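# Observations on the three-dimensional arrangement
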Amino acid sequence: MTPRPIRPGRLRAGAMLLALVWTLAACGSVAPSATSAPSAPSTPAASAPVASDGATPFPLPSIDLGGEIAPEAVTRHLEALARIASDNGGIRTSGTPGYEASVEYVAGELRAIGWVVETPEFRLPTFRELPGATLQVVGGPTFTAGDDLHAMIYSADGEVTAEVATVGFEDSAGGRGDQGCDADDWDEFPAGSIALTPPGPCLRRDTVEHAQEAGAVGLVVANPAWEAGEALRPTLLFPDGIGIPVISAIGEVGEALEDVADDGTEVRISVDTEIGTATVRNVVAQHGGDGPVVMLGAHLDSVLDGPGLNDNGSGVAAVLEIAHLLADAGHPGTIRVALWAGEEFGLHGSRAYATGGNLGDVAAYLNLDMLGSVNGVPMVYRNSGSPQGSQAISDFLIAWLRQAGVPAEPEDLGTGSDHYFFAEAGIPIGGIFSGATEEVSEEQAAATGGSQGDPMDPCYHRSCDTVGNVDAERVAVYAQAAAAAAALLAGGELPGAQ
């Protein structure tokens, strides 16, 4: 999943008030949670209307899918993707051999169960951070890539030496702005300086563009919640227009730069990145031939730093098993599934498909991204401003899950995954998500049996996102809910969704 801006209400007090939701726990071998979502029947019994949060009561239609998705089937796909990553340097990133092997695997699985499969190509801007990136306070500490910082995806390379000026650090000498997300935050910024900001509630690209317009020669976004080894690499979405080195750093780096901001001390940034292009493939498959086309999608690629088994092998496994279940069930209408390239670089695969003239016959789109977080909370997409019909999909998924004993709640995923361009095109959307680095609240822990205060996925965007970091039982239950929604949508039987 592409990191997304976070509402201020999710941030902790004090220093955490400035942190993104990307806070991580220490990486390690994580066993599936003992508090997995319960197994659910393929057809929840009909009952009185069920109301989702903020929605009108929803009558829960019943549908017989003829079977259930098994956790063991989910695990089989996860293990196959894990082997692919292991054989290809530990990653399945778009533009790498690991991604191409993933394409061949899922395309083969879909063909084997009778789906018509295509692998349409598009050009993807690629990115590599080459070894040796450093940030040095002249006369003070030096910080290095990996443990302390990363160049953001699509950062420019280069070496710059300049004084530091802060934007959004209220205790610093400058005291400028409010997190750097708005142009007027930069009104007092001294051109020619390296900018230091906290992670604000906006896209990192927005902050970079404001920094460049203000004359910054480099940008460091320091997250107070991150400790050594926890630096992530957000994406700037595409390389065009990025002309300065942009670094994502841990809290210790931010503290060191804040200490010398505006006092004349210089800081040297050295970043070596490689930006190119590659031809990559989405996987799109279809089954059936009459009635509205209902799409289910999940991104196939991993991040640059790990095998991506929860993010998003879990969604891939769910899509493959939904395809198997619906093919056997003889569903009405037409089901189309897609496994997307380039999500972790900025939703490039779904963007290419959605803007390429492919949506004329699509009636709805369901997105499955990060379904197996071991300390997860079942969240159903409820995006503000979504196209008409989206709330009915959300209401159904929440009602289905709650009736199956899963305490689902609505969540606005914003621009965080591949549903975004479908919603932009006016297509009703829905989806399920089980959490990234959001910390489990007291209320959520009580409802789910999770561990309060711990991240929902402790290995988000890390090398430890392995098979052991996925709760396959959660994935199976959430996939069953999505399969029921897709079948009802394809049959025109989901009230309010058409």
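The text that follows walks through the structure, step by step, so that each part is easy to find. Please read these numbers as outputs of a predicted model, since none were measured by experiment. (Residues numbered from 1 in each chain as written. Predicted model: local features only at pLDDT ≥ 70, side-chain atom pairs only at ≥ 80, totals over all residues. Heavy atoms only, no water.)

### Quick look at the overall build of the protein chain
Rules: What counts as a helix is a DSSP run of H or I of at least four residues, what counts as a strand is a run of E of at least two, and both are numbered from the N terminus. A contact between two residues is defined here by any heavy atoms of the two lying within 4.5 Å. We get accessible surface area from the Shrake-Rupley algorithm with a probe of 1.4 Å; when it comes to residues, only the shown protein chains can shield them.
Secondary structure summary: the protein chain contains 11 helices and 20 strands in total. Taking as baseline every contact in the protein chain between residues at least 6 positions apart, the subset at least 24 positions apart corresponds to 82%. Surface exposure of the protein chain reaches about 17,000 Å², of which carbon and sulfur atoms provide 48%.

### Quick word on the state of the cysteines
Let me state the cut-off plainly: Pairs of cysteine sulfur atoms within 2.5 Å are identified as disulfides in what follows. Each residue is placed in one exposure class: buried if its accessible area under a 1.4 Å probe, protein chains only, is under 20% of its type's maximum, exposed if it is over 50%, and partly exposed if it falls in between.
Tallying each qualifying case throughout the model produces two disulfides. Residue Cys 181 pairs covalently with Cys 202 via a disulfide, S to S 2.1 Å. Residues Cys 181 and Cys 202 are joined through a disulfide that is left-handed, its torsion about the S-S bond being -80 degrees. Remark: Cys 202 occurs in the loop between β9 (194-197) and α3 (204-213) and Cys 181 occurs in the loop between β8 (158-166) and β9; sequence separation between them is 21 residues. Cys 202 carries the same exposure label as Cys 181, and that label is buried. Note that Cys 459 is cross-linked by a disulfide to Cys 464, the S-S spacing being 2.2 Å. Residues Cys 459 and Cys 464 are joined by a disulfide whose S-S torsion is about -115 degrees; by sign, that bridge is left-handed. Exposure class is identical for Cys 459 and Cys 464. Each is buried.

### Quick notes on a negative patch on the surface
Condition: The residues that make up patches have over 30% relative accessible area and no salt bridge, and they are joined within 9 Å when like-charged or within 5 Å when they are Val, Leu, Ile, Met, Phe, Trp or Tyr. A carboxyl oxygen of Asp or Glu within 4 Å of a side-chain nitrogen of Lys or Arg is what we treat as a salt bridge. Lys and Arg are tallied as positive, Asp and Glu as negative. Neither His nor the chain termini are counted. Note that the charge is assigned to NZ on lysines, CZ on arginines, CG on aspartates and CD on glutamates.
A cluster of acidic residues, Glu 163, Glu 252, Glu 255, Asp 259, Asp 263 and Glu 266, forms a negative patch at the surface. With three residues, helix α4 (residues 251-260) is the single largest residue contributor to the negative patch. Locating Asp 259 in the fold gives a position in helix α4.

### Concerning the side chain of Ser 94
Applied cut-off: Nitrogen and oxygen atoms within 3.5 Å of one another constitute a polar contact, given that in protein one can donate a hydrogen and the other can accept it, and given that sequence-neighbouring residues count only through two side-chain atoms.
Topologically, Ser 94 is positioned in the loop between α1 (71-86) and α2 (97-112). On the basis of relative accessible area, Ser 94 is assigned to the buried category, the value being 4%. Engagement of the side chain of Ser 94 in a polar contact is seen with the backbone nitrogen of Gly 342, the distance being 2.8 Å. Sequence-distant contacts of Ser 94, defined by excluding residues within four places in its chain, comprise Tyr 99, Leu 124, Val 280, Asp 301, Ala 341, Gly 342 and Phe 345.

### Focus on the nonpolar core
In a soluble, globular protein the nonpolar side chains are often hidden away together inside. Selection rule: The set of buried Ala, Val, Leu, Ile, Met, Phe, Trp, Tyr and Cys residues whose side-chain atoms join them within 4.5 Å is what this entry labels a nonpolar core.
Leu 110, Leu 135, Val 220 and Leu 401 are the most contacted members of the largest nonpolar core, which has 153 residues in total. If you tally residues by element for this core, the top one is helix α11 (residues 472-490), at 16 residues. Among all residues touching Leu 135, those that are not within four sequence positions of it are Pro 141, Thr 142, Phe 143, Leu 149, Val 220, Ile 247, Val 253, Leu 257, Val 267, Arg 268 and Ile 269.

### Here we look at empty space enclosed by the protein
Note the following rule: Cavity and pocket criteria rest on a 1 Å grid covering protein atoms alone: a 1.4 Å probe that fits but cannot get out defines a cavity, protein on both sides within 12 Å along at least 5 of 7 lines defines an open pocket, and an atom within 4 Å of a point defines a lining residue. Grid points are joined across faces, edges and corners, and a volume is the space filled by probe spheres set on the points. Residue type decides the class: Asp, Glu, Lys and Arg count as charged, Ala, Val, Leu, Ile, Met, Phe, Trp, Tyr, Cys and Pro as nonpolar, and the leftover types, Gly among them, as polar.
Counted according to the given criterion, the structure contains three cavities of 30 Å³ or more. Size it by volume and the largest cavity reaches roughly 90 Å³. Contributing to the lining of the largest cavity are Pro 3, Ile 153, Ala 231, Leu 232, Arg 233, Thr 235, Val 303, Leu 304, Asp 305, Glu 344, Phe 345 and His 461. Classifying every residue of the lining of the largest cavity by side-chain character gives seven nonpolar, two polar and three charged.

### What about the side chain of Asn 310?
Mapped onto the secondary structure, Asn 310 falls in helix α5 (residues 309-329). By relative accessible area, Asn 310 is classed as buried at 0%. Only 3.1 Å separates the side chain of Asn 310 from the side chain of Ser 373, close enough to count as a polar contact. In this structure the side chain of Asn 310 is engaged in a polar contact, spanning 3.1 Å, whose partner is the side chain of Asp 457.

### A look at the packing of aromatic side chains
Two measures describe an aromatic ring pair: the distance that separates the ring centres and the angle between the ring planes. The criterion, for reference: Aromatic rings from Phe, Tyr and Trp, taking only the six-membered ring of Trp, are treated as a pair when their centres fall within 6.5 Å; an angle between ring planes under 30 degrees marks them as stacked, one over 60 as edge-to-face, and anything in between as tilted.
Under the criterion given, the structure shown has seven aromatic pairs. Aromatic side chains Phe 127 and Tyr 154 sit 6.3 Å apart centroid to centroid with 80 degrees between the ring planes, which places their arrangement in the edge-to-face category. With Phe 127 in strand β4 (residues 121-129) and Tyr 154 in the loop between β7 (149-151) and β8, this pair connects stretches of sequence that are 27 residues apart. Given a relative accessible area of 2%, Phe 127 falls into the buried group. Connected via pairs of aromatic rings, a cluster forms that spans Trp 340, Tyr 353, Tyr 365 and Phe 422.

### Comments concerning the environment of Ala 285
Within the secondary structure layout, Ala 285 lies in strand β14 (residues 283-287). Note on Ala 285: relative accessible area 1%, which makes it buried. Separated by 51 residues in the primary sequence, Ala 285 and Arg 336 have C-alpha atoms spaced 5.6 Å apart. Residue contacts for Ala 285: discarding those within four places in its chain leaves Leu 110, Trp 115, Val 116, Val 117, Ile 335, Arg 336 and Val 337.

### Describing unusual backbone geometry
That bond from Asp 311 to Asn 312 is cis: its omega, 10 degrees, falls within 30 degrees of zero. Summarising the element assignment, Asn 312 is placed in helix α5. Even without being a glycine, Leu 237 presents a positive backbone phi close to 80 degrees. Here Leu 237 is to be found in the loop between β10 (218-223) and β11 (246-250). Classification of Leu 237 by relative accessible area gives buried; the value is 18%. Located in the positive-phi region is Leu 347, a residue other than glycine, with phi close to 60 degrees. Along the chain, Leu 347 turns up in the loop between α6 (343-346) and α7 (348-354).

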